[in-house]
Amino acid sequence: LIVGVLGARVARADTPDVPPAATEAALADGLERFDAGDFTGAASAWERLLATNGEAASFRVLYNLGLTYKALHRYFEAITALESYLAKAPAVTPERRRQVEALLAEMRALIGEVRLEGLPPGATVTLDGRTIGTAPLAPLKLGSGSYVIETTPQAQQTRAVLLRRPARLHLL
């Protein structure tokens, strides 16, 4: 059940604080979904496993999430997961480290920046229907593509954004 994505392999998790059967079931669910091309479902399964076990106990799941987010073109989240994997994994082989660093460099080159300015403090911001935080926010790091950014309840704005290539946009 270990699969490859762009030359990378999805890893099995070591999670000492959760019963092995529960960990294996959650991991198997993610792997099955990943194999079937259901990257959103795989990400959800692994996010639940991380929420239950914490990043330190589930560092291999961070690697899986990084690959899955990359497949979903959620590059900023992929970068965050893979950087956490490198920081928390007790021992990463030199070959795996080189592979992850190459993935990180590739994704960093694909990211643009969107700044949301002029929003009232506390306004909730969603990106493509997912809540990403409340204003004020750090600049959003996004790959090329179309996005819908909404703010509620204070600002009540919806903006469609198209990033044709990595760029810097300032939305007021």
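Rules used throughout
- Residues numbered from 1 in each chain as written.
- Predicted model: local features only at pLDDT ≥ 70, side-chain atom pairs only at ≥ 80, totals over all residues.
- Heavy atoms only, no water.
- pLDDT = per-residue confidence, 0-100.
- Helix = DSSP H or I, 4+ residues; strand = E, 2+ residues; numbered from the N terminus.
- Contact = heavy atoms within 4.5 Å.
- Expected span 1.5 Å × (residues − 1).
- Buried < 20%, exposed > 50% of the residue type's maximum accessible area, 1.4 Å probe, protein only.
- Core = buried A, V, L, I, M, F, W, Y, C linked by side-chain atoms within 4.5 Å.
- Axes fitted to C-alpha atoms, helices over the stretch in contact; angles between N-to-C directions.
- Parallel < 35°, antiparallel > 145°, perpendicular 65-115°, else oblique.
- Left-handed = near helix turned anticlockwise from the far one by under 90°.
- Nonpolar A, V, L, I, M, F, W, Y, C, P; charged D, E, K, R; others polar.
- 1 Å grid on protein atoms, 1.4 Å probe; cavity = no way out; pocket = protein on both sides within 12 Å on 5 of 7 lines; lining within 4 Å.
- Points joined across faces, edges and corners; volume = space filled by probe spheres on them.

**Some points on the confidence of the model for the protein**
Step number 1: Here the protein averages 79 in pLDDT, while 76% of its residues score no lower than 70.
Step number 2: Per-element confidence in the protein ranges from a low mean pLDDT of 36 for strand E1 (residues 4-5) to a high of 94 for helix H5 (residues 94-108).
Step number 3: Low pLDDT, under 50, characterises residues 1-7; the stretch is placed with 15 contacts to residues that sit more than four places away or in other chains.
Step number 4: Residue range residues 12-18 is modelled with pLDDT below 50. Its contacts to residues more than four positions away, or to other chains, number 22 contacts.

**Examining helix H3 (residues 59-71)**
Step number 1: Its 13 residues give H3 an end-to-end C-alpha distance of 19 Å, which sits within 8% of 18 Å, the value for a rise of 1.5 Å per residue.
Step number 2: With 11 of 13 residues buried, H3 is to be regarded as a mostly interior element.
Step number 3: When H3 is considered as a whole, its buried residues turn out to be Phe-59, Val-61, Leu-62, Tyr-63, Asn-64, Leu-65, Gly-66, Leu-67, Thr-68, Tyr-69 and Lys-70.
Step number 4: Where H3 terminates, the next one or two residues include His-73, which has phi positive at roughly 65°.

**Concerning the nonpolar core**
Step number 1: If you look at the biggest cluster of nonpolar residues, it comprises 29 residues, and the most contacted ones within it are Trp-46, Leu-65, Leu-82, Tyr-85, Val-100, Leu-104 and Met-107.
Step number 2: The contacts of Leu-104, once residues within four sequence positions are left out, are Ile-79, Leu-82, Glu-83 and Leu-86.
Step number 3: Core analysis: the second largest hydrophobic core is formed by 11 residues, Val-114, Ala-123, Leu-142 and Ile-149 among them.

**Let's talk about the packing of helix H2 (residues 39-53) against H3**
Step number 1: Relative orientation of the contacting elements H2 and H3 amounts to 155°, with a least axis distance of 9 Å. The orientation of H2 with respect to H3, classified from their angle, is roughly antiparallel. The two elements H2 and H3 meet at a crossing, and its hand is left-handed. Touching Phe-39, Ala-42, Ala-43, Trp-46, Glu-47, Leu-49 and Leu-50 of H2 are Val-61, Leu-62, Asn-64, Leu-65, Thr-68, Tyr-69 and Ala-71, all from H3.
Step number 2: Its residues placed into classes, the contact of H2 with H3 shows 11 nonpolar, two polar and one charged.

**Things to note about unusual backbone geometry**
Step number 1: The linkage connecting Ala-135 with the following residue, Pro-136, adopts the cis geometry, with an omega of 0°.
Step number 2: In this fold, Pro-136 is placed in the loop between strand E5 (130-134) and strand E6 (140-143).
Step number 3: You will see that Asp-128, though not glycine, has its phi angle at about 50°, which is positive.
Step number 4: Structurally, Asp-128 is set in the loop between strand E4 (124-127) and E5.
Step number 5: Given a relative accessible area of 44%, Asp-128 falls into the partly exposed group.

**Some thoughts on the layout of surface pockets**
Step number 1: If you add up the space inside the largest pocket, you get close to 400 Å³.
Step number 2: The wall of the largest pocket is formed by 18 residues, among which Glu-77, Leu-127, Arg-130, Lys-141 and Leu-142 lie closest to the centre.
Step number 3: The set of elements that each furnish at least two residues to the lining of the largest pocket consists of helix H4 (75-88), E5 and E6.
Step number 4: Ranked by residue count, the leading element in the lining of the largest pocket is E6, at four residues.
Step number 5: When grouped by side-chain class, the residues that make up the lining of the largest pocket number 10 nonpolar, three polar and five charged.

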